[in-house]
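Residues per chain, in single letters:
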Amino acid sequence: MSDHRRRPNPGGEQPPGGRAAGQRPSGYGPLDGAPSRSRPTGMRETAQQPRLTRAEMRKQSQKSGAPSGPPAGPGGGRGGGNGGGKGPGKKRFIDYPRYGKSGIRRWLPSWKLILTTFLIFFGSGVAAVGVAYAMTPIPKLNDLLKEQNNIYYWADGSEMTRKGATNRQVVPLDNISEPAQKAVVAAENETFWNDHGIDPKGIARAVYKMATGGSTQGGSTISQQYVKNAYLNQDQTVSRKFKEIFITLKINQQKSKQDILEGYLNTSWFGRGATGIQAAAQAYYGVDAKDINICQGAMLAGLLKGATYYDPTVSDSNRKNMQERWNYVLSRMVVTKAITQADRDKCGATFPEPIKKKAPANMNGEVSYLVDLADKYLAAKDPTITQASIDKGGYLIYTTFQKDKVAELKKAVDDVKSENLHPDTSDKDKYVQVGAASVVPGDGAIVAIYGGDGVENGHYTDNADTVGIPVGSTFKPFVLATAMQTGVLTKTGSDGNPVKISINSLYNANNMSQIYKADGSPAIGDHGELYHQKNDDDNMPGAVTLKTAMQYSYNVPFVQLGQDVGGSNVEKMAINLGLRKDSLAPNTSLTYPLGTSTPSAIRMASAYSVFAARGQQVEPYSVTKVLYQGVEKPAFNRPKNATKTVLEQPIADNITDVLQNVAENGTGKKGTKDLGRPVAGKTGTTDAGTSAWWVGYTPQLATSVGMWREEPGKPGLLSLVGTAGQTTIHGGDFPTEIFTRYMKVALADQKALDFPTSDITGTEVDSKQAPPPSPSAAPSASASASASASASSAPSPSTSSSRTSEPSNSPAPTESCFFGPLCSSPSPSRSKPPRPGKSSSPPNPSSSPTDGGAANQVAGN
């Protein structure tokens, strides 16, 4: 009730419930120590006892510090209050927690507070950006003509070679063809001529990725890339990105678009060691930048996305990438009206082939492959080191490569090829390729590689680091290792886990035997037929131990073992041993255990080194130390825990025992008998004769050698059949011979060491589908007679001429006699029971494997 509506008091005295001067309202406590005068209980306010208005009560409470609100009830208390005591005090400058609110509302900020906070932070951010922009100077233009060489060192610290980015020529924009300019703008930054130099969306994406540790993102404008090339470095950091943005904005104000485009084209990396479009035009097409046409310009513009992945002369995958990129650039040029469709049609589908790469003399021989391998390792270990930054120079790179071993490996390959191949007179001797690598067991250092004939002879691909060559039966030890460490799914132990088998477990080795899944059901080929696996020859040795199966490289036991242990488990073992998943074939294939996978020679040597190191695996490496501008890069300091146990030591030693038997008595004995020291290893040959391998090791060194035929520029492997005048080429032939010649010299100054011995580990398992050997299945009549006459005497060697050095030359194994009397007089009633659906008699010779295209392509030995 307002003052002018109150009824006057004629007597001038304060009515009950009214206010005298200096007196507080009833219920609000004493004033200046005066006793409280409260209205008697039950007394009702009347017109003669007017109440205070809300405004008056609020003012009164603000003066006294009491909370606002209605007057208290009888007794001077305030509903929900403090019994008449002082309230929370005056409102604060920042009203949080909120004044006069209770419960959840006390903690919910008001819209005023939210708006105020936003404005403060927004204003502060704008001010900070403005200050940072003003205080960021344009750095001095990098002196691009003073770039340094990279120096590569051998393992002993001596200089191997020097490589630098001296291939650069700065040219004015007028000397760069208009089609080349338009192609670059269409490919990299369509809005270049109209934008302000930055792409907000691209910046936000890049900053987010860098801040969260994700992969670096593109999206920079031509102006930003020019600033990064000419004024900054290639570091992928948030601070560098913001600096790039500020400098770009300033450069965009100070320079014309023509100047920026000219600078960008003269500072960009195009691959082949070429920085700048003039150097790139010479490197790829042998012409000046002013003479680049539309088709060539689109190819050069495509390289700016990453020459490492788009240089079409590097690999088949690069070529495919570049052709797609080339078509994309041309299409964008049409869309942006840089060229007409008629101009585009002139290029058609004919890709503008670059000229062959020219290498300096100091990169001849194996040096170019060693340098490329070291460069790949740099980029893999330190993401701040790109091929572009390497080409700009300034690095000191200390490698693991041993000069003498590299020379000895090259000599072994060259000597074997020159002694046996005559490409001038025989087409079958043309295009023979060899890839080889040596790795130190337990350390991982790559001490030697053979990558090819050298860039001076037009061979640019590093054969030691290439993939795509099936490794054949060199994959079988990985299957055996899986069965010994993981166990077979066909038998469960007392602990409820798959039984870990031993190398003396029995498996059927008869040619064309039917294969069964782990659950006992027949395996079905791709064409819906019962699957039968072939060996490399027609022998019918019956049940053999896995050790013997490895010795003679029988396929049937390992295809069956692959089913029993599970393809996914084999894949896990291969990856644990060091193979890369992208080089492995689908593990669901029936012939997966026979080596349809295509890892590199380096990875195969590294995987076998785990056996030599008694189960210890370490990633192969090629660089020990890197200095950039005199400062050491920490990424190349090897961690103390670089070595990890992936295979139990007794199992690794058992695998070595099996592979030592292969080298001494099996498919590898022809090549390794002259080594003069203990050696273990395995041969590998594809059934179609497209590749041949030997991977072997001593306690000090593991080396792999692969051989195949492939015409440069034409993807696809050619058959080795007829090479060197031989009907077939096996892993036990030239690859093993190269291995022996090299290892004999490479280890000449090292003591011959024996492999550690270990007791047989695991459980002997009978696969239960192996019939007894049939005398009629022996490789020759004399062998059959010998087998049936005595269980202890071995059959005579096969007289088959279809194989020259592997299973067909080996005697039938004596492990068939594990069946006792069945050896001399097979009887169906005494045979082991077959698996479901399996006849105990030998399979029909007319049966053939049906596992798609891969089923018979790898019959490895």
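The numbering scheme is per chain: residues are counted from 1 as the chain's sequence reads. Local features in this predicted model are restricted to residues of pLDDT 70 or higher, and side-chain atom pairs are both shown and tallied only at a pLDDT of 80 or more, whereas totals for entire chains, interfaces and linings draw on every residue. Based on all heavy atoms of the structure, the side-chain values leave hydrogens and waters out of the count.

Caption draft 1: How the structure looks around unusual backbone geometry. Unusually for a residue other than glycine, arginine 614 sits at a positive phi of about 60°. Helix and strand assignments follow DSSP, with helices taken as H or I runs no shorter than four residues and strands as E runs no shorter than two, numbered in order from the N terminus. Following the sequence through the fold, arginine 614 ends up in the loop between helix 20 (601–612) and strand 15 (616–617). With a phi close to 60°, alanine 724 is a non-glycine residue in the positive phi region. With respect to the secondary-structure elements, alanine 724 resides in the loop between strand 21 (702–709) and helix 23 (734–746).

Caption draft 2: Seen up close, the sheet that holds strand 7 (residues 432–439). When DSSP finds at least two bridges between two strands, those strands are taken to pair. A sheet is described by the order of its strands in space; here 5 strands give the open sequence 8-7-21-20-19, paired in antiparallel fashion. Each of the sheet's edge strands pairs with one partner strand only, and the pair in question is strand 8 (446–450) and strand 19 (680–685). Pairwise comparison of adjacent strand axes, ignoring direction, gives a mean angle of 5° for this sheet. Interaxial angles span 0 to 180 degrees and are taken between N-to-C directions of axes, which are lines fitted to C-alpha atoms, for helices over the stretch in contact.

Caption draft 3: Fine view of the pattern of salt bridges. The rule for a salt bridge is simple: a side-chain nitrogen of Lys or Arg has to be within 4 Å of a carboxyl oxygen of Asp or Glu. Under the criterion given, the structure shown has 25 salt bridges. Lysine 376 serves as the salt-bridge partner of aspartate 465, at 3.4 Å between the closest nitrogen and oxygen. In this pair, aspartate 465 is assigned in the loop between strand 8 and helix 16 (476–485) and lysine 376 in helix 13 (residues 367–381), connecting sequence segments 89 residues apart. Only protein chains enter the calculation, and the probe is 1.4 Å; a residue is then buried if its accessible area is under 20% of its type maximum, exposed if over 50%, and partly exposed in between. Using a relative accessible area of 23% as the deciding quantity, one classes aspartate 465 as partly exposed. According to the relative accessible area criterion, lysine 376 is exposed, its value standing at 51%. Via salt bridges that share partners, Glu419, Glu737 and Arg741 belong to a single interconnected network.

Caption draft 4: Inspection of the packing of helix 5 (residues 222–230) against helix 7 (residues 257–267) at higher detail. At a closest axis distance of 9 Å, the pairing of helix 5 and helix 7 adopts a crossing angle of 55°. By the angle between their directions, the pair helix 5 and helix 7 is classed as oblique. The two elements helix 5 and helix 7 cross, and the hand of that crossing is left-handed. Along its contact with helix 5, which presents Ile222, Ser223, Gln225, Tyr226, Asn229 and Ala230, the element helix 7 presents Lys257, Ile260, Leu261, Gly263, Tyr264 and Thr267. What sets the label is the angle itself: under 35 degrees gives roughly parallel, over 145 gives roughly antiparallel, 65 to 115 gives roughly perpendicular, and the rest give oblique. Crossing handedness: left-handed means the near helix sits turned counterclockwise from the far one by under a right angle, and right-handed means the same turn made clockwise. Residue contacts are counted whenever heavy atoms from the two residues lie within 4.5 Å of one another.

Caption draft 5: A look at empty space enclosed by the protein. Using only the protein atoms, space was sampled on a 1 Å grid; points where a 1.4 Å probe fits but cannot get out form cavities, open sets with protein on both sides within 12 Å along at least five of seven lines form pockets, and lining residues are those with an atom within 4 Å of a point. Grid points are joined across faces, edges and corners, and a volume is the space filled by probe spheres set on the points. With the rule as written, the count across this model stands at 3 cavities of 30 Å³ or more. What the second largest cavity holds in volume is close to 50 Å³. Along its surface, the second largest cavity is lined by Val416, Lys417, Asn420, Leu421, Val432, Val434, Met707, Phe734 and Ile738. Broken down by secondary-structure element, the contributors of at least two residues to the lining of the second largest cavity are helix 15 (403–420), strand 7 and helix 23. Broken down by element, the lining of the second largest cavity gets its largest block of residues, 3 residues, from helix 15. Three residue categories are used. Nonpolar comprises Ala, Val, Leu, Ile, Met, Phe, Trp, Tyr, Cys and Pro, charged comprises Asp, Glu, Lys and Arg, and polar comprises the others, including Gly. Its residues assigned to classes, the lining of the second largest cavity comprises 7 nonpolar, 1 polar and 1 charged.

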